[in-house]
Amino acid sequence: MASKRRPGDSVKTDKKKKKKKTCEEETAQLCSLVEDEQLKKSLQEAWSQRTPHRHGDLELDCHPFPHCIIKNFLSSETFVENLRGELMELNFHEKSNDLYKFKQSDDLKKRTEPHISGLRAALFGHFRSWLGEVLQVELEPMVDISCARYEYTDVLLCHDDELEGRRVAFILYLVPPWQSSDGGTLDLYTTDSSFQPQSIVKSLVPSLNTLILFEVSPVSFHQVSEVLTQDKCRLSLSGWFHGPSLDRPPRHIEPPVPRSPHLPRDETLLLEWVNPEYLDISYQEQIQQEFEDSSEIQLKDFLKEEKFREVKEALRLTQIQWTKRGPPNKRCYEAASLDTLPQCVSACWELLRSEAFFLLLSNFTGLRLHYLCPADDDDDEKDEEKEEKRDAEATGSSSESTSANAREEKELSTPVCCGELRRWTHGGYTLLHDAEAARAEYALDLVLPFCGVDWQSEFGGFTCYVANEEDEELLTVYPEDNSLALVYRDKETLKFVKHVNHKGFSDSANSSTCRSFYDFSFVYYE
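Since the structure is predicted, the reported quantities are computational estimates derived from the model, not experimental observations.

What follows deals with a negative patch on the surface. Negative charge collects at one region of the surface, where Asp434, Glu469, Glu470, Asp471, Glu472, Asp490 and Glu492 lie side by side. As for its position among the elements, Glu472 is in the loop between β20 (463-467) and β21 (473-477).

Our focus in this paragraph is the environment of Asn468. Secondary-structure assignment places Asn468 in the loop between β20 and β21. Filtering out sequence-adjacent residues up to four positions away, Asn468 remains in contact with Ala437, Glu492 and Leu494.

Our focus in this paragraph is the pattern of salt bridges. Within the structure shown, the criterion is met by 28 salt bridges. Here Arg54 ties to Glu59 by a salt bridge, and the two come within 3.4 Å at their closest N and O atoms. According to the relative accessible area criterion, Arg54 is exposed, its value standing at 59%. In this structure, Arg489 engages Asp445 in a salt bridge whose closest nitrogen and oxygen atoms are separated by 2.6 Å. Of this pair, Arg489 sits in strand β22 (residues 484-489) while Asp445 sits in strand β19 (residues 443-450); the two residues are 44 residues apart in sequence, bridging distant segments of the chain. In this structure, a network of salt bridges that share partners links the residues Glu94, Lys103, Arg149 and Glu151.

Before going further, it helps to examine the packing of aromatic side chains. Across all of its chains, the model carries 29 aromatic pairs by this definition. Through pairs of rings, three or more aromatic residues link up here, namely Tyr278, Tyr283, Phe302, Phe308, Trp349, Phe357, Phe358, Phe364, Phe450, Phe520, Phe522 and Tyr524. Just above the ring of Tyr150 sits the side chain of Arg234; from NZ or CZ to the centre is 5.0 Å. The ring of Tyr333 has Arg422 sitting right over it, with the charged end atom 5.7 Å from the ring centre.

The next subject is helix α6 (residues 281-294). Between its terminal C-alpha atoms α6 stretches 20 Å, which fits the 20 Å expected from 14 residues at 1.5 Å a residue. If you follow the buried residues of α6, they end up packed against β14 (296-299), α9 (355-365), β19 and β22. Phi turns positive one or two residues past the end of α6, at Ser295, with a value near 65 degrees.

To continue, consider the nonpolar core. Side chains of nonpolar character tend, in soluble globular proteins, to be buried together. Of all hydrophobic cores here, the largest spans 47 residues; its most connected members are Ile70, Leu74, Leu87, Phe127 and Leu237. The element contributing the most residues to this core is helix α4 (residues 114-135), with ten residues. Apart from the residues lying within four places of it in its own chain, the contact partners of Phe127 are Leu30, Val34, Ile70, Phe73, Ala122, Leu211, Leu213 and Phe241. Core analysis: the second largest hydrophobic core is formed by 46 residues, Val274, Ala336, Leu341 and Leu444 among them.

Looking now at the confidence of the model for the protein. Looking at the protein as a whole, its pLDDT mean stands at 89, while 87% of the residues score no less than 70. Of the regions scoring below 50 in pLDDT, residues 378-383 engages in one contact with residues more than four places distant in sequence or in other chains. Considering only residues more than four positions removed or in separate chains, one finds that residues 508-513, a stretch of pLDDT under 50, has eight contacts.

So, about the environment of Leu431. Along the polypeptide, Leu431 turns up in the loop between β18 (429-430) and α12 (434-439). Separated by 64 residues in the primary sequence, Leu431 and Lys495 have C-alpha atoms spaced 8.1 Å apart. Residue contacts for Leu431: discarding those within four places in its chain leaves Asp98, Leu99, Leu157, Cys158, Pro328, Asn329, Lys330, Glu436 and Phe496.

Interaxial distance between helix α3 (residues 77-88) and α4 falls to 8 Å at its minimum, and their mutual angle equals 115 degrees. By the angle between their directions, the pair α3 and α4 is classed as roughly perpendicular. Where α3 crosses over α4, the handedness of that crossing is left-handed. Residue-level inspection shows Phe79, Asn82, Leu83, Glu86 and Leu87 of α3 in contact with α4, the latter providing Pro114, His115, Ile116, Gly118 and Leu119. The residue inventory of the contact of α3 with α4, partitioned by class, reads six nonpolar, three polar and one charged.

Our next topic: the sheet that holds β20. Strand order in the open sheet formed by three strands is β21-β20-β23, with antiparallel pairing between adjacent strands. Taken across any chain shown, the strands that pair with only one partner, and hence form the sheet edges, are β21 and β23 (493-497). Across the sheet, the mean angle from the axis of one strand to that of its neighbour is 20 degrees, orientation sign disregarded.

This next bit is on the pairing of strand β16 (residues 331-336). Burial analysis of β16 places six of its six residues in the buried class, the great majority of the element. Burial of the side chains of β16 extends over both faces: Arg331, Tyr333 and Ala335 are buried on one face and Cys332, Glu334 and Ala336 on the other. Pairing analysis gives four bridges linking strand β15 (residues 322-325) to β16, with the strands arranged antiparallel. Pairing of Trp322 across the sheet is with Ala336, part of β16. What sits between the antiparallel neighbours β15 and β16 is a turn of five residues. Sheet topology note: the β16/β18 ladder contains two bridges and is antiparallel. The partner of Cys332 across the bridge, within β18, is Tyr429. Looking at chain direction, β16 and strand β17 (residues 416-424) are connected through two bridges and run antiparallel. Across the sheet, the residue bridging to Ala335 is Arg422, located in β17.

At a minimum axis distance of 6 Å, the contact between α6 and α9 shows a crossing angle of 60 degrees. In terms of their interaxial angle, α6 and α9 are classed as oblique. Between α6 and α9, the residues in contact are Gln284, Ile287, Gln288, Phe291 and Glu292 and Leu360, Ser362, Asn363, Phe364 and Thr365, respectively. Taken together, the residues of the contact of α6 with α9 break down into four nonpolar, five polar and one charged.

Calculation notes
Residues numbered from 1 in each chain as written. Predicted model: local features only at pLDDT ≥ 70, side-chain atom pairs only at ≥ 80, totals over all residues. Heavy atoms only, no water. Patch = residues over 30% accessible without salt bridge, like charges linked within 9 Å, V, L, I, M, F, W, Y side chains within 5 Å. Areas by Shrake-Rupley, 256 points an atom, 1.4 Å probe, with all protein chains shown as cover. Salt bridge = Lys/Arg side-chain N within 4 Å of Asp/Glu carboxyl O. Lys, Arg positive; Asp, Glu negative; His and termini not counted. Charge placed at Lys NZ, Arg CZ, Asp CG, Glu CD. Helix = DSSP H or I, 4+ residues; strand = E, 2+ residues; numbered from the N terminus. Contact = heavy atoms within 4.5 Å. Buried < 20%, exposed > 50% of the residue type's maximum accessible area, 1.4 Å probe, protein only. Phe/Tyr/Trp six-rings, centres within 6.5 Å; stacked < 30°, edge-to-face > 60°. Lys NZ or Arg CZ within 6 Å of the ring centre and 35° of its normal. Expected span 1.5 Å × (residues − 1). Core = buried A, V, L, I, M, F, W, Y, C linked by side-chain atoms within 4.5 Å. pLDDT = per-residue confidence, 0-100. Axes fitted to C-alpha atoms, helices over the stretch in contact; angles between N-to-C directions. Parallel < 35°, antiparallel > 145°, perpendicular 65-115°, else oblique. Left-handed = near helix turned anticlockwise from the far one by under 90°. Nonpolar A, V, L, I, M, F, W, Y, C, P; charged D, E, K, R; others polar. Pairing = 2+ DSSP bridges.

Next comes the structure, spelled out in C-alpha cells:
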C-alpha cells in the first residue's frame, strides 16, 4: 500500500523523534562539594597522607582502611526518588553461593531509563575525573555498575573486592529510613600482619542518597551484614571504577591441618556405640553398593539412641571451651578444645578416630582405609603393569622401577584423618577460597550432626559441594540429628557450609534447640 503522507510530514516526524531523544536522559546534579576546588586539594592531600578529613557532608576516615562517605550525594531529592522508582522496576536475579545471598540486576551500562542513564553519565564522567584527581591516578572510562536488593536474611560475607582492574569500589544507598538493628550494615575489618581479616571495627548504617567509596586493596576487607528486618528492602547501586591495581603481597598460605592415623581401638567400641543394624555384614555390602553408585550416603540413626542422647546433652555443658575459627574470609564457627570435652563426648571422638571405625568406613565405602580392606583395583594394576612392561620392551626404556616405586608408596601409605567438633550459631559459615582449591585431593568427608529435630534447611548450616571454578551445585547435605553423612570427593570438588541465618534464632523459632547446633566433622584419606 502506497503511503499517503506528504514529504513535509516525514521531516516533521523525524524532528520530533530527535527532540524526544535529547530529553531521555535526566541530568544528575551532584552535590556542590564535588565542585569545591579547595576541598578537592585538601582531600587529595589527606588521602595520600592517610589522615582523616571532614568537610560538611563529606568525611574521609582511614581506619581500618581509607574510605570516603558523601551524604546527600545527589542534589535533587526528586531525582533520587525517580531513580529509586526506575531501579525497583528492573528485573532482579537471585544470587546465592558460599559468599552471598541477595538479588541483583543485570549490568546497568546499557540501560536507557532517564535517571539511571543520567546517574551513570555523571558517575563515570565528571565524578570519575574528580575522583581520579583526588587519588592522583588515571581512572578508566569503563562502566561497571549494577543494582542490588537485600531483603530478610540476605548477606554478603567477608571479602576484599579484589579483581584485576578494580581500583575504587562505590556504593550509593537508596534505602528507606534505616537503623543498625535492621542489619545490612557495611562492616569494615582490621587485618593482621599477614593481610588476613581479623575483626569488625566499624559498621556503616545505610542512609538514603549516601555514597561510600574505597580503594580496592590488600586490606579492604568488608561485608554486608545480614538483613534482619522483614519490612524493608536495602536497595543500592554499586560497582567499581577501574584503573591500575595496587600492589599486592604474596598470598598468605595457611599451614596444613595435621592428620593422624587411627587410634588402636578394637570392635568393642563399635558394639558399644553403633546401631547394630550397621554392623551387619550383609547390610554393609548393601551400603557399599549404594555408596559406590552415588559417592555419598546418609546413614540415619547411626549411633545407639541412648549414646546419641547422652552426647547431645553433654555438648551443651559449660565445661567445653569453644574457640572461634577464622579468618572470616575463609570461615566463621567455633571448634571445641578437645581436652575440655566431657567423657562421653571424648569417647565419641575416639570412636570416629578408632581403627575399628576406619575398617567400618572401608566396608561402607570400598575405600582403602584399613589394611584388611580388599583392593578392588588389584586386577587393574596388574593389567597396567603388563601394559607398562610391553611399552618398555618396545621403546627400550625401563618403567619397571618407577612402577615398583609407585606400588611400594601405595603399600606403605597409612590411612589418616583430621577432624573437629564444631558449634554453629547465628552467623556461622565456611567459604571457598584459592588455597583450598589448590590443595584439593581425594578424600572422604564425614559429618555427624547434633542439631535438634526442628532444625530446618531454610536456617542454613547445610554443606554444599560444588565443581571447582563453577557455580553448579553437585550435592547438598542437610544437617539431621544422628544421621551420619559420608561424601567422597575428588580433586575438582570443593565444599562450603552455608551461612547460618537469623531465621533459626528469631523469637518465632519453636524451640531453644534452634539456638545452636553441633557436629563432628572428619576427613579421611586413603
